[in-house]
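Here are the chains, one letter per residue:
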Amino acid sequence: TTKRTQKKNPPLMLSEADLRFLRTIRLRKEQCLSEIESLTAELELVNAKIEQEREKLGLNNEKNETEIIEHARKRFNEDCKQGINFLKEVKYLPAESEELAPAIARFLFHTPGLNKTQIGEYLGDHKSLNLAVLREFAILHPLAGMEFDQALRSYLWSFRLPGESQKIDRMMETFAARFCDCNPGVFHHVDACYILAFATIMLNTSLHNPSVTRKTTLEEFISMNRGIDEGKDVDTAMLEGLYSSIRTTPFKIPDDGSGMNLTFVNPAKEGYLTKEGGSNKTWKKRWVMLNNNCVYYFKRKEDSTPCGIVPLDNLRVRVVEPKRKTKGASGTMFEIVGAENEDGTTCVIKGCKTNSKGMVVQGHHTRYLFKADTQDDAADWVRCIGAAIRSDAMRELLTSKRAKLDK
């Protein structure tokens, strides 16, 4: 029998440098394991503190979290800033970081029951955080592939557009940027989208506001939008479809469930005045509101439908003295009067009112005469109405943008 000899592999010979490298790796491994253990312990402590804070704030279950949102909703609907500050205080929103604006935008966009006027107030603020939230809020609107008017309807339905021109400007610029990002190729320049958005809102007012007697025609609408896209015309078929859509279906105004049309929310001025009216020129007490470049008057404060509307288009307002001198009456009366024609006559005011049968009819007044309780109140009404006559935020912004494009 022969013994087989087995060959043994020669021992691995490592250089001193190799050994030093292995020792370094082993030492680094031990350090990493130690650091992992330390970080794990720290993470457990942080998680424990988080749970403690959640217990204090009542956020340990879905029910309590829902209660936090409900409480925030109520605060927000009273004052938008208070609602957001409350969410920060209870740590529902992240701390001041790049995640804060998207988080607030999601709260505004997804939380049901928020007052849309308050949403508009918050989005319209000029602070850097609010501007960032406005951009994030617009991004949440899925406008890709939507017709222009449907995209604008969707955007304007998500909040109540405020009355200040600077706020409107920022909000409409944000819409234009979002629409163009979602629908490349529809417009050559974002300014065209901005201008057409304003033109569409003004078209809606012209076609559906009963106080506007002369309605914009399709030809006029197409003409007013010529050359707005870097000197090029917007597609005629698009404008025709847009006109048809607005004529058939007017824009809906967000209603917040108050039962009152938001045309009458946040008026520039309101209060009881005594108004001269009727064929016998009798004086009757009326609740009067100034909003959206119109004076509305109601029989009673609690009424939701006005009995008359006076659009402040090319009118004048001034304090007048009573024909008969009455103690305490001086300086308390003022009139809204039509513009003066070249022949010195006074233009008829394009107002409307409800007749005895409840039908809306056009008035034929050359002036409306009101009387306040005090001289100061009358002066304030004249000041506010005068400012409204001189200001039309939508038209001013559209004119300004057109002027910039023409340069």
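Residues numbered from 1 in each chain as written. Predicted model: local features only at pLDDT ≥ 70, side-chain atom pairs only at ≥ 80, totals over all residues. Heavy atoms only, no water.

A. Geometry of the overall build of the protein chain. Within the protein chain one finds 13 helices and nine strands. Counting all 407 residues of the protein chain, 40% fall into the buried class. For the protein chain, long-range pairs separated by at least 24 residues make up 56% of all intrachain contacts whose partners lie at least 6 apart in sequence. Of the accessible surface of the protein chain, which amounts to about 24900 Å², a share of 51% is contributed by carbon and sulfur atoms. (Helix = DSSP H or I, 4+ residues; strand = E, 2+ residues; numbered from the N terminus. Buried < 20%, exposed > 50% of the residue type's maximum accessible area, 1.4 Å probe, protein only. Contact = heavy atoms within 4.5 Å. Areas by Shrake-Rupley, 256 points an atom, 1.4 Å probe, with all protein chains shown as cover.)

B. Region of interest: the pattern of salt bridges. Following the criterion strictly, the structure yields 13 salt bridges and no others. Notably, a salt bridge pairs Lys-81 with Asp-125, separated by 3.9 Å at the nearest N-O pair. Of this pair, Lys-81 sits in helix α3 (residues 80–89) while Asp-125 is found in the loop between α5 (116–124) and α6 (128–139), placing the two residues 44 residues apart along the sequence. By relative accessible area, Asp-125 is classed as buried at 12%. A network of salt bridges, in which partner residues are shared, links Lys-269, Asp-377, Asp-380 and Arg-383. (Salt bridge = Lys/Arg side-chain N within 4 Å of Asp/Glu carboxyl O.)

C. Inspection of the packing of helix α7 (residues 148–157) against helix α9 (residues 190–208) at higher detail. Where α7 meets α9, the axes come as close as 11 Å, and the angle between the chain directions of the two elements is 75 degrees. Judged on the interaxial angle alone, α9 and α7 are roughly perpendicular. Contacts between α7 and α9 pair Phe-148, Leu-152 and Leu-156 from the former with Cys-193, Leu-196, Ala-197, Thr-200 and Ile-201 from the latter. Here the residues of the contact of α7 with α9 are counted per class, giving seven nonpolar, one polar and no charged. (Axes fitted to C-alpha atoms, helices over the stretch in contact; angles between N-to-C directions. Parallel < 35°, antiparallel > 145°, perpendicular 65-115°, else oblique. Nonpolar A, V, L, I, M, F, W, Y, C, P; charged D, E, K, R; others polar.)

D. Region of interest: a nonpolar patch on the surface. On the surface, a nonpolar cluster with roughly 430 Å² of combined accessible area is contributed by Leu-14, Leu-19, Phe-21, Leu-22 and Ile-25. Within the secondary structure, Leu-14 sits in the segment before α1 (16–57). (Patch = residues over 30% accessible without salt bridge, like charges linked within 9 Å, V, L, I, M, F, W, Y side chains within 5 Å.)

E. Region of the structure containing the packing of aromatic side chains. This structure, assessed with the given rule, holds 15 aromatic pairs. A centroid spacing of 5.3 Å and a plane angle of 80 degrees characterise the contact between Phe-148 and Phe-179, whose relative ring orientation is edge-to-face. Of the two residues, Phe-148 sits in helix α7 while Phe-179 sits in helix α8 (residues 165–182), which places them 31 residues apart along the sequence. For the pair formed by Phe-148 and Phe-179, the shared burial category is buried. (Phe/Tyr/Trp six-rings, centres within 6.5 Å; stacked < 30°, edge-to-face > 60°.)

Interpretation note: all reported values are geometric properties and have no functional meaning in isolation.
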